[in-house]
Amino acid sequence: MTDFPFTFDLLFPQGLPSRVDNHIQRRLSALRGQFLDQHAYQAMLDVEDCLLYEVYEIRRPELPGEMLMGISVVHPGKVGREFFMTKGHYHAVLDTCEVYTCLKGEGVMVMETPEGETAVEKLSPGKVLYVPPRWAHRSVCTGRAEDLVTFFVYPAHSGHDYGTIEQRGFRKRVLDGPKGVEIVDNDG
Ligand SMILES: [Fe+2]
């Protein structure tokens, strides 16, 4: 079987794709233990297991030579002072990269390597971010009311390693401070 080129549209103003093969929804309960303020986390969860982010995937075979694409939507909100964020992950095949293009909203990408290097890059519409091989990455929505919407593409054989981040967290946290967005060390 030979493949044939295809297109899809990014439908604005929402920025959602016209073609979706898989729609993932991640709720507060999926990020247990990840937020700094555990009391605020539990209090929120007792009221509602609210939606933190969504991923719209375009499926391709997970083979070298293929690329996986999709749209990530992180909703606005906070747990205590900490902005809503994705679980974050390394790629299971560590030596693989990813490109993010911000379509809508305001946010940051928190990144780090296994060796302890860290980076935080701001995202706003039109910004393209290259995440090199070996860098774990987590999207954070810092907007007050607007979703952070990004288009991503990465090698299809990359896979995901969520466990390392679930156990250790990222070395940096993104908090809402009196002077705006604060990047702080994760001492926990
Ligand atoms: Fe990734």
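So, here's what we can say about the structure. The structure displayed is predicted, hence computed values, not measured ones. (Residues numbered from 1 in each chain as written. Predicted model: local features only at pLDDT ≥ 70, side-chain atom pairs only at ≥ 80, totals over all residues. Heavy atoms only, no water.)

What follows concerns the sheet that holds strand E9 (residues 107-112). Reading across from one edge, E10-E9-E12 is the order of the three strands in this open sheet, with antiparallel pairing throughout. Each edge of the open sheet carries a strand with a single partner, namely strand E10 (118-123) and strand E12 (136-141). Strand-to-strand twist in this sheet, taken as the mean axis angle between neighbours without regard to direction, amounts to 20°. As judged from the six bridges shared by E9 and E10, these two strands associate in the antiparallel manner. Paired with Glu-112 across the strands is Thr-118, a residue of E10. (Pairing = 2+ DSSP bridges. Helix = DSSP H or I, 4+ residues; strand = E, 2+ residues; numbered from the N terminus. Axes fitted to C-alpha atoms, helices over the stretch in contact; angles between N-to-C directions.)

With that out of the way, let us pick up the environment of Pro-13. Tracing the sequence through the fold places Pro-13 in the loop between strand E1 (10-11) and strand E2 (16-17). The sequence separation of Pro-13 and Leu-103 amounts to 90 residues, and the corresponding C-alpha distance is 9.5 Å.

With that settled, the discussion passes to the packing of aromatic side chains. All chains considered together, the criterion is met by three aromatic pairs. Both rings, one in Tyr-100 and one in Phe-152, keep their centres 6.2 Å apart while their planes meet at 50°; by these two values the pair is tilted. Placement of the pair is Tyr-100 in strand E8 (residues 98-104) and Phe-152 in strand E13 (residues 148-155), with a sequence separation of 52 residues. Here Tyr-100 falls in the buried class, since its relative accessible area comes to 6%. Overall, Phe-152 belongs to the buried group, its relative accessible area being 6%. (Phe/Tyr/Trp six-rings, centres within 6.5 Å; stacked < 30°, edge-to-face > 60°. Buried < 20%, exposed > 50% of the residue type's maximum accessible area, 1.4 Å probe, protein only.)

We now examine the sheet that holds E8. Judged by pairing direction, the sheet is antiparallel, and its six strands sit side by side in the order E3-E4-E5-E13-E8-E11 without closing on themselves. The open sheet terminates on both sides in strands that have one partner only, identified here as strand E3 (22-27) and strand E11 (128-131). Recorded for the sheet is a direction-independent mean angle of 20° between the axes of neighbouring strands.

When helix H1 (residues 38-47) is considered as a whole, its buried residues turn out to be Ala-40, Tyr-41 and Leu-45. Down the axis of H1, the buried side of the element spans an arc of 130°, and every buried residue falls inside it. For H1, the exposed residues set more than 90 degrees away from the buried face come down to His-39, Asp-46 and Val-47. Tucked into the core, H1 has its buried residues touching strand E6 (78-79). Sitting at the head of H1, Asp-37 places a side-chain oxygen 3.2 Å from the backbone nitrogen of His-39. (Arc of directions from axis to C-beta. Contact = heavy atoms within 4.5 Å. Polar contact = N/O pair within 3.5 Å; in protein donor to acceptor, adjacent residues only side chain to side chain.)

Okay, the layout of surface pockets next. Looking at the largest pocket, its volume works out to about 290 Å³. Tyr-53, Val-55, His-89, His-160 and Tyr-162 are the residues nearest the centre of the largest pocket, which is lined by 19 residues in total. Partitioning the lining of the largest pocket into residue classes produces seven nonpolar, seven polar and five charged. (1 Å grid on protein atoms, 1.4 Å probe; cavity = no way out; pocket = protein on both sides within 12 Å on 5 of 7 lines; lining within 4 Å. Points joined across faces, edges and corners; volume = space filled by probe spheres on them. Nonpolar A, V, L, I, M, F, W, Y, C, P; charged D, E, K, R; others polar.)

Our next topic: the coordination of the iron ion. Every protein donor of the iron ion is listed here as His-89 (NE2), His-91 (NE2), Glu-98 (OE) and His-137 (NE2), and their distances to the metal cover 2.0 to 2.3 Å. Taken together, the four donor atoms coordinating the iron ion and their angles of 82 to 166° define a geometry best described as irregular. Between consecutive donor residues of the iron ion, the sequence gaps follow H-x1-H-x6-E-x38-H. One end of the pair, His-91, is in the loop between strand E7 (82-83) and E8; the other, His-137, is in strand E12, with 46 residues separating them in the sequence. (Donors = N, O, S within 2.8 Å, 3.2 Å for Na, K, Ca; no water. Tetrahedral: all angles 85-135°; square planar, octahedral: opposite > 155°, others 65-115°.)

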